[in-house]
Amino acid sequence: MTGSVVAVSSNGAYSFTKPNRPGIRLLAGLGVEGDVHAGTTVKHRSRVRQDPSQPNLRQVHLMHAELFEELAAAGFTVEPGQLGENVTTRGVDLLALPVGALLHLGAEAVVEVTGLRNPCAQIDGFRPGLLKQVVHRNDDGTLVRRAGIMGVVRSGGEIRPGDGVTVTLPPEPHRPLDRV
């Protein structure tokens, strides 16, 4: 499975959206250099309130650009970085990856997939009704989260729009993604 990086985003302050950048640097074991969510322990406010000593399994947020096209068809205009993701990709079915898959981004960076982003009500503050588009239940009642995946940085490096993305799957049996 191969694809490309469409956009990279980061923000040194807490905000829902992250501005697009010409490039970002991933730091092994930490996340995106200068991003408010970088660190070895949790940085998302809700997680910090629960237990600030938890390991940070959400160092990098990745989202597939194909989602933006699906949202546009439903009447929602969303651009890279606006849902808080650090890396927007195209051509890789991020949501179908198993836990432990390795995403090789650019020449050096490697992100290990830890799970699904669990979108919150802030999404409706950004665009009313958008939360129902990115989280819903299938006919069988299964909860479906479509707001991207989270990962930890295994190898650091620079990432820029246009860089390649390749996937290395972990040994089987594969464990499906769940929220982190």
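Just above, that's the structure.
This brings us to the side chain of K18. By secondary structure assignment, the location of K18 is in the loop between β1 (2-9) and β2 (20-21). Separated by 2.7 Å, the side chains of K18 and D35 make a polar contact. A polar side-chain atom of K18 sits 3.1 Å from a polar atom in the side chain of H37. Setting aside anything within four residues of it in sequence, one finds K18 in contact with S9, S10, N11, D35, H37, G81, G84, E85 and N86.

Counting 25 residues, the largest nonpolar core has L26, L62, L97, L103, L105, I149 and I159 as the members making the most contacts within it. Among the elements that take part in this core, strand β8 (residues 109-116) stands out by supplying four residues, more than any other. Ignoring sequence-local partners within four residues, the contact set of L26 consists of G31, V32, V60, L105, A109, V111, V153, G156, G157 and I159. By size, the runner-up hydrophobic cluster in this structure holds 14 residues, among which are L71, F76, L130 and V134.

On to the sheet that holds strand β3 (residues 24-27). Strand order in the open sheet made by the three strands is β4-β3-β12, with antiparallel pairing throughout. Two strands bound the open sheet, and with one partner strand each, they are β4 (31-32) and β12 (157-159). Bridge count between β3 and β12: three bridges; the pairing is antiparallel. Opposite L26, over in β12, you have G157 as the bridge partner.

Conventions adopted
In this numbering scheme, every chain counts its residues from 1 along its sequence in written order. Restriction of local features to residues with pLDDT of at least 70 applies here, the model being predicted, together with a cutoff of 80 or more for giving and counting side-chain atom pairs; totals for whole chains, interfaces and linings are based on all residues. With hydrogens and water excluded, all non-hydrogen atoms of the structure serve as input to the side-chain values. Note on conventions: DSSP H or I runs of at least 4 residues are helices, E runs of at least 2 residues are strands, and numbering of each starts at the N terminus. We call two N or O atoms a polar contact when they sit within 3.5 Å, provided that within protein one can donate a hydrogen and the other can accept it, with sequence-adjacent residues counted only if both atoms are side-chain atoms. Note on contacts: a residue pair is in contact if any heavy atoms of the two residues lie within 4.5 Å. To define a nonpolar core, start from buried Ala, Val, Leu, Ile, Met, Phe, Trp, Tyr and Cys residues and group those joined through side-chain atoms within 4.5 Å. Here the term buried applies to any residue with accessible area under 20% of the maximum for its type, exposed to any over 50%, and partly exposed to those in between, with areas from a 1.4 Å probe on protein chains only. Here, any two strands with at least 2 DSSP bridges between them count as paired.

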